[in-house]
Amino acid sequence: MPGLTVVLLTTALVVVVALLVAAAGKLARLDGDGYPASVIRVATSFAAVLTLAATVTAAFAALRR
């Protein structure tokens, strides 16, 4: 059961950070950035979030062994 808890917490964290990234894109758009620049900013941030989630998941998997 602890493994399921870790998976659920990681999923929740990824969803929350993805929503924050979307908000950052909206703020960039309101700040006057063009559409392509704000999309690039959001895509970069979201890729960083996915990389962080994969790293945390790999670290938890290594601890479990």
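Now for a description of the structure that goes with this document. Note that the structure is predicted; figures quoted are calculated from it, not measured.

Okay, the overall build of the protein chain next. Across its full length, the protein chain carries two helices and zero strands. Taken over the C-alpha trace, the protein chain has a radius of gyration of 15 Å; the compact-globule value for 65 residues is 11 Å, which it surpasses by more than 25%. Referenced to the eigenvectors of the C-alpha coordinate spread, the extents of the protein chain come out at roughly 50 × 15 × 10 Å. Among the 65 residues that make up the protein chain, the fraction classed as buried is 12%. Accessible surface, the protein chain: about 5000 Å² in total, of which carbon and sulfur atoms supply 76%.

Here we come to a nonpolar patch on the surface. Residues Val6, Phe60 and Leu63 make up a contiguous nonpolar surface patch of about 280 Å² in total accessible area. Structurally, valine 6 can be placed in helix α1 (residues 2-30). Given a relative accessible area of 31%, valine 6 falls into the partly exposed group.

Compared with the 44 Å implied by 1.5 Å per residue over 30 residues, the 43 Å span of helix α2 (residues 35-64) between its first and last C-alpha is a close match. Where α2 is concerned, the buried positions are Ser38, Val49 and Ala53.

For the rest of this paragraph, the subject is the environment of threonine 5. Position of threonine 5 relative to the elements: it lies in helix α1. Residue threonine 5 is classed as partly exposed on the basis of its relative accessible area, which comes to 42%. Along the chain, threonine 5 and tyrosine 35 lie 30 residues apart, while their C-alpha atoms are 38 Å from each other.

Definitions and limits used
- Starting from 1, residues in each chain are numbered consecutively following that chain's sequence as written.
- Side-chain atom pairs in this predicted model are given and counted only at pLDDT of 80 or more, local residue features only at pLDDT of at least 70, and totals for whole chains, interfaces and linings cover all residues.
- With hydrogens and water stripped out, all remaining heavy atoms of the structure feed into the side-chain values.
- A run of H or I in DSSP counts as a helix once it spans at least four residues, and a run of E counts as a strand once it spans at least two, with each numbered from the N terminus.
- In this setup the radius of gyration rests on C-alpha atoms only. A globule is expected at 2.2 Å times the number of residues raised to 0.38.
- Any residue under 20% of the maximum accessible area for its type is buried, any over 50% is exposed, and the rest in between are partly exposed; the area is computed with a 1.4 Å probe on protein chains only.
- Accessible surface is estimated by sampling points in the Shrake-Rupley manner with a 1.4 Å probe; for residues, cover comes only from the protein chains shown.
- Exposure above 30% relative accessible area and the lack of any salt bridge qualify a residue for a patch; like charges then connect within 9 Å, and the nonpolar side chains Val, Leu, Ile, Met, Phe, Trp and Tyr within 5 Å.
- The salt bridge definition used is simple: a Lys or Arg side-chain nitrogen within 4 Å of an Asp or Glu carboxyl oxygen.
- In this analysis, the expected span of each helix is defined as 1.5 Å times one less than the number of residues it contains.

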